[in-house]
Amino acid sequence: MSLGVRIATAAALLGSCMPIMAHHSFAAEYDATKTISVKGVVQKVAWVNPHAYVWVDTKDDTGKVITYAFESLSPNALARNGWTRNSLKTGDQVTVDGYLAKDGKPLSDGSVHGNSKLITLSDGRKVFAGSSADNAATK
Amino acid sequence: MRYFSSIAAACATVALVSYLPLATKAQDKGGDKGGKFGPVGPGAAGQRKDNAPKGPTPKMPDGKPDFSGVWTPTNFTAMGQPSLQPWADALYKERRANLSKDDPEGNCLPAGVPRISPFPMKLVQTPILIVMLEEGNVHSYRQFFLDGRGHPKVVDQLWMGDSAAKWEGDTVVVDTIALNDKTWLNGQGLPHSDQLHVVERYQRPDLGHLSVDITLDDPKAFTKPHTFNRTYSLLTDWEIHEYVCNEFNVDAEHLVGK
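Here the residue index of a chain counts from 1 through its sequence in written order. All chains are assigned letters beginning with A, and all ligands numbers beginning with 1, in the order in which they are written. Note on the predicted model: pLDDT of at least 70 is required for a residue's local features to be given, and 80 or more for side-chain atom pairs to be given and counted; whole-chain, interface and lining totals, by contrast, use all residues.

## Topic: the overall build of chain A
Each helix corresponds to a stretch of at least 4 residues labelled H or I by DSSP, and each strand to a stretch of at least 2 residues labelled E; elements are numbered beginning at the N terminus. The helix and strand inventory of chain A stands at three helices and seven strands. Reading the secondary structure of chain A in the N-to-C direction produces β-α-β-β-β-α-β-β-β-α. For the exposure call, what matters is how many other C-beta atoms sit within 10 Å of a residue's own: 20 or more marks it buried, 12 or fewer exposed, and in between partly exposed, using C-beta atoms placed from the backbone. Per-residue burial over chain A gives 53% buried out of 139 residues. For the purpose of contact definition, each residue receives a C-beta atom placed from its backbone, and two residues are in contact when these atoms lie within 7 Å. Looking at chain A alone, contacts between residues at least 24 apart form 65% of all its contacts between residues at least 6 apart.

Below, the structure is given as structure tokens:
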């Protein structure tokens with residue numbers, strides 16, 4: 001198992017609410033049973049629509065760098081919850097809790113594709129909380 | 001029926017509750033302060049709850065209600081379940097089985113009428129025109145002309161349709177036709193045809209609330225007209241925010257469904 005990476009299988013919750021947090025269906029893109037916790041360093045943050053993205057570098061057992069790209073909420077939703085494009089910076093040490101993409105395919109830049117639900121900085125601050133999974137999950 | 005009957009109210013509650021506590025917790029930990037599009041810090045997320053200001057309905061100089069303001073929907077599942085023709089029911093089941101992977105909104109296309117997005121909309125009113133500006137819904141706009149012009153004789157099929165409006169007392173009645181059949185009525189994939197006819201009756205019973213009685217009539221897709229009520233609450237310290245959906249929409253190619 002890669003260093004700093006843990007994939008757990010969680011029981012799927014039965015949900016039936018409409019997906020209201022995202023412009024797309026969470027369940028069609030991400031697997032709510034493939035939860036992931038990645039500890040690493042922020043490579044870059046894209047404060048873009050329809051979802052902000054956060055790239056995090058981590059290392060596997062051999063020291064090879066693996067980059068994850070996490071979809072977050074939209075900038076307007078993040079802004080209303082008190083965060084800005086400067087809440088998370090390149091070089092920050094973080095732990096990202098989230099979900100893996102269903103198709104298992106990397107983004108075009110080769111990064112592992114996931115959806116974040118919470119990013120915790122090394123000083124304990126929590127940023128970019130929330131995911132389209134919160135409402136749409138697992139139906 | 002599973003999605004929209006007895007669980008609708010519970011669903012709405014879950015939706016609101018699940019939106020709120022995460023953000024509140026995060027703010028407790030110190031989210032950044034400042035922001036031009038709305039309040040930040042404690043209480044910001046609470047705007048999602050119905051804590052609209054109290055007071056009488058604002059009036060235009062001519063004494064008609066003034067609907068202007070930034071509004072957020074408060075009951076996302078209000079639409080419920082229309083009675084569908086067999087072809088529409090089959091299509092609906094297929095879209096649900098595919099976990100809504102083909103939702104046009106996932107491709108940053110307009111949501112149509114009367115679907116709502118999770119983001120606020122703004123109404124701007126003049127004596128002869130009300131404009132709806134959508135923050136979500138790829139920044140779509142709708143125009144409700146109150147000058148008696150009615151519908152054009154020939155209209156194209158449009159993503160947001162053609163709306164004719166009129167006053168009935170203190171109610172604005174908006175009649176929308178000419179909708180294409182590409183949009184979904186909700187995120188679950190509820191279908192409609194190009195015969196969809198939407199009548200919305202807008203009322204502002206007090207300062208803080210908007211109430212819209214909506215009738216959907218679609219003889220090709222429904223077995224009978226379907227009526228529901230949607231409510232909004234006024235956001236006094238939020239402004240609508242830029243949301244350019246196609247900026248970095250990497251989702252489309254990864255929407256695989258099951």
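## A closer look at the confidence of the model for chain B
Low-confidence regions, as indicated by low pLDDT, have predicted coordinates that should not be scrutinised in detail. Residue and element names in this part refer to chain B. Values of pLDDT, ranging from 0 to 100, describe the predictor's confidence in every residue of the model. For chain B, the mean per-residue pLDDT works out to 84, and 81% of the residues sit at or above 70. Between residues 1-48, whose pLDDT stays under 50, and residues either more than four places distant or in other chains, the model counts 96 contacts. Complex prediction metrics read pTM 0.81 and ipTM 0.76.

## Describing the pairing of strand β6 (residues 171-177) of chain B
Residues and elements named next belong to chain B. Residues V172, V174 and T176 point to one face of β6 and are all buried, whereas T171, V173, D175 and I177, pointing to the other face, are not buried. Think of it this way: DSSP has to see at least two bridges between two strands before they count as a pair. In the sheet, strand β5 (residues 162-168) pairs with β6 via seven bridges, with the strands oriented antiparallel. Along β6, the bridge assignment pairs K166 with V173. Connecting the antiparallel pair β5 and β6 is a turn made up of two residues, with G169 showing a positive phi of about 65°.

## Digging into helix α2 (residues 86-97) of chain B
All names here are of chain B. Under the 1.5 Å per step criterion, the end-to-end length of α2 is 16 Å for 12 residues, consistent within 8% with the ideal 16 Å. Within α2, the full set of buried residues consists of A88, Y92 and R95. Looking straight down α2, one finds that the buried residues subtend no more than 65° of arc, so they occupy a single side. Facing away from the buried side of α2, by more than 90 degrees, are the exposed residues P86, W87, A90, K93, E94 and A97. Positioned one or two residues after α2, L99 has a phi angle of 55°, which is positive. Multiplying 1.5 Å by the helix residue count minus one yields the expected span of that helix. Picture the helix axis, draw a direction to every C-beta atom, and the arc is the one those directions span.

## A few points about unusual backbone geometry
With the exception of glycine, most residues fall at negative phi, and the peptide bonds are largely trans. Of the consecutive residues N49 of chain A and P50 of chain A, the connecting peptide bond is found in the cis state with omega at 0°. Turning to its location among the elements, P50 of chain A is positioned in the loop between β2 (30-46) and β3 (53-59). For the peptide bond that leads from V113 of chain B to P114 of chain B, omega is 5°, which places it in the cis range. You can see P114 of chain B is positioned in the loop between α2 and β2 (121-126). Look at F128 of chain A: it is not a glycine, yet its phi comes out positive at around 50°. With respect to the helices, strands and loops of the structure, F128 of chain A is situated in the loop between β7 (126-127) and α3 (133-136). Its identity is not glycine, yet L99 of chain B carries a phi of approximately 55°, on the positive side.

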